[in-house]
Amino acid sequence: MTTSQITVAGVSKVFRTSEREVVALKEINLDIPTGQFVCLLGPSGCGKSTLLNAVAGFSLPTTGSIIADGKRVTGPGPERGMVFQEYALFPWMTVEQNVAFGLEVKGMEKSAIHTRVMALLEMLSLTDFRSRFPKDLSGGMRQRVAIARVLALDSPIMLMDEPFGALDALTRRNLQDELLRIWAELKKTIIFVTHSIEEAIYLADRIIVMTYRPGTVKRDLIVTLPRLRDPSAPDFNALKRELGQMVMEEQQRHHNDELRMAAVD
């Protein structure tokens, strides 16, 4: 029986400046079971990354609460690992050193660090690149290193903010398949931010479609398509059209809001 790994209860986020107040999130309520792969989907400005950062503890909600792995989120924690779009690797460290860094900070014994790091490099096909520096790697390889570094800490929750957004289509699909393999093997709970409808359908157990500002839950959809999913299949494309209509509605609201603001200025 699955239990809740993440609970988002009544979460709102307001950003205030000297000129105005922006409600980025409004009354978000989510309950995410252990081991579920959840995608947050929606246009720019709908609060996907704001919600992810709140779960990560980087930016606390204005109202409401978040419970992750049985603990109230008051800041970053070891039970939540974050993978960013921009890789966030240390350029002066080799692949092996980057992956080992978090374990060294935790004070793990060197022999245990070596064993764990080498296993992860093998899992992510990075063994032959262990002595390379980030500048010598492709974008896809850098993102593999970033994922390995998070996996090294063995956090039960993985938070991923458009990690494949800057990659070419072939590399992106390869990493999507790698991520699904790792998820199936390690049983992590994943929250994955994306603006790609196809990516969300390909990866997720569950898709949360968010509205344009203020960000709320427009649709909470369980994806029942069998894995591995074929993007050319009729049922895949039927779901893609359905979700596409929802996202375009919010994109149009975004466009209308920009026109209104321009008129005011």
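Before reading further, recall that the structure is shown in the block above.
1. Focus: the packing of helix H3 (residues 110-123) against helix H4 (residues 139-152)
Argument step 1. At a minimum axis distance of 10 Å, the contact between H3 and H4 shows a crossing angle of 140 degrees. Comparing their axes, H4 and H3 come out oblique. As H3 packs across H4, the resulting crossing turns out to be right-handed. Across from Arg-116, Leu-120 and Met-123 in H3, the residues of H4 making contact are Ala-148, Leu-151 and Ala-152.
Argument step 2. Split into classes, the residues belonging to the contact of H3 with H4 amount to five nonpolar, no polar and one charged.

2. Focus: the sheet that holds strand E10 (residues 217-222)
Argument step 1. With respect to topology, six strands assemble into an open sheet ordered E6-E7-E8-E3-E9-E10, the strand pairing being mixed. Every other strand in the sheet has two partners, leaving strand E6 (80-83) and E10 as the edge strands with one partner each. The average undirected angle you get between the axes of adjacent strands in this sheet is 15 degrees.
Argument step 2. Examined bridge by bridge, strand E3 (residues 37-41) and strand E8 (residues 189-194) share five bridges and lie parallel to one another. Bridge assignment links Leu-41 to a residue of E8, and that residue is Thr-194.
Argument step 3. Packed onto the sheet, H4 meets E6 and strand E7 (157-161) and runs at close to 175 degrees relative to E6.
Argument step 4. Packing of helix H5 (residues 169-186) onto the sheet brings it into contact with E3, E7 and E8, and relative to E8 it is tilted by some 160 degrees.

Conventions and cut-offs
Residues numbered from 1 in each chain as written. Predicted model: local features only at pLDDT ≥ 70, side-chain atom pairs only at ≥ 80, totals over all residues. Heavy atoms only, no water. Axes fitted to C-alpha atoms, helices over the stretch in contact; angles between N-to-C directions. Helix = DSSP H or I, 4+ residues; strand = E, 2+ residues; numbered from the N terminus. Parallel < 35°, antiparallel > 145°, perpendicular 65-115°, else oblique. Left-handed = near helix turned anticlockwise from the far one by under 90°. Contact = heavy atoms within 4.5 Å. Nonpolar A, V, L, I, M, F, W, Y, C, P; charged D, E, K, R; others polar. Pairing = 2+ DSSP bridges.

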